[in-house]
Amino acid sequence: MPSWFVIPTQDNVIPPAVQRFMAKRAGGKVKEVSGASHVVMMSRPDTVVRQILSAYDATR
């Protein structure tokens, strides 16, 4: 099953290293967002939407 990840590099809730590990283990497509926090969907919605659309396009 394909998976996609948005990893905010300044996440203080789930450490980015842990997120990278999970993404790698899942074979996921990763988009890292430099300087973003845990609520990356609020601070960088355009990046998150692009990743969602990428997932949508790839699974249609």
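Up top is the structure these notes are about.
Definitions and cut-offs
Residues numbered from 1 in each chain as written. Predicted model: local features only at pLDDT ≥ 70, side-chain atom pairs only at ≥ 80, totals over all residues. Heavy atoms only, no water. Helix = DSSP H or I, 4+ residues; strand = E, 2+ residues; numbered from the N terminus. Rg over C-alpha atoms; globule rule 2.2 N^0.38 Å. Buried < 20%, exposed > 50% of the residue type's maximum accessible area, 1.4 Å probe, protein only. Contact = heavy atoms within 4.5 Å. Areas by Shrake-Rupley, 256 points an atom, 1.4 Å probe, with all protein chains shown as cover. Lys, Arg positive; Asp, Glu negative; His and termini not counted. Charge placed at Lys NZ, Arg CZ, Asp CG, Glu CD. Expected span 1.5 Å × (residues − 1). Arc of directions from axis to C-beta. Pairing = 2+ DSSP bridges. Right-handed = clockwise from strand over helix to strand, strands pointing away.

Draft legend 1. Local environment of the overall build of the protein chain. The number of helices and strands found in the protein chain is 3 helices and 2 strands. Its C-alpha atoms give the protein chain a radius of gyration of 11 Å, within 12% of the compact-globule value 10 Å for 60 residues. Dimensions of the protein chain, computed from C-alpha atoms along their principal axes, come out at roughly 35 × 25 × 15 Å. Out of the 60 residues in the protein chain, the part that is buried amounts to 25%. Of all intrachain contacts in the protein chain linking residues separated by at least 6 positions in sequence, the fraction that spans at least 24 positions is 54%. A total accessible area of about 4,300 Å² is found for the protein chain, and carbon and sulfur atoms account for 60% of it. Across the protein chain, the centroid of the 8 positively charged side chains sits 6 Å from that of the 4 negatively charged ones.

Draft legend 2. Main features of helix α3 (residues 45-59). The first and last C-alpha atoms of α3 sit 21 Å apart over 15 residues, in line with the 21 Å expected at 1.5 Å per residue. When we look at burial in α3, the residues that qualify are Thr47, Val48, Gln51 and Ala55. Down the axis of α3, the buried side of the element spans an arc of 100°, and every buried residue falls inside it. The outward face of α3, more than 90 degrees from its buried face, is lined by the exposed residues Arg50 and Asp57. Buried-residue contacts for α3 involve β1 (4-8), β2 (29-33) and α2 (40-43).

Draft legend 3. Structural detail: the pairing of β2. Here β1 pairs with β2 via 5 bridges, running parallel. Within β2, the residue paired with tryptophan 4 across the bridge is lysine 29. As a crossover connection, the stretch from β1 through helix α1 (residues 16-26) into β2 is right-handed.

Draft legend 4. Region of interest: the environment of proline 8. Mapping proline 8 onto the fold places it in strand β1. A relative accessible area of 3% means that proline 8 is categorised as buried. The residues contacting proline 8, other than those within four sequence positions of it, are Pro16, Gln19, Val33, Ala36, Ser37, His38 and Val40.

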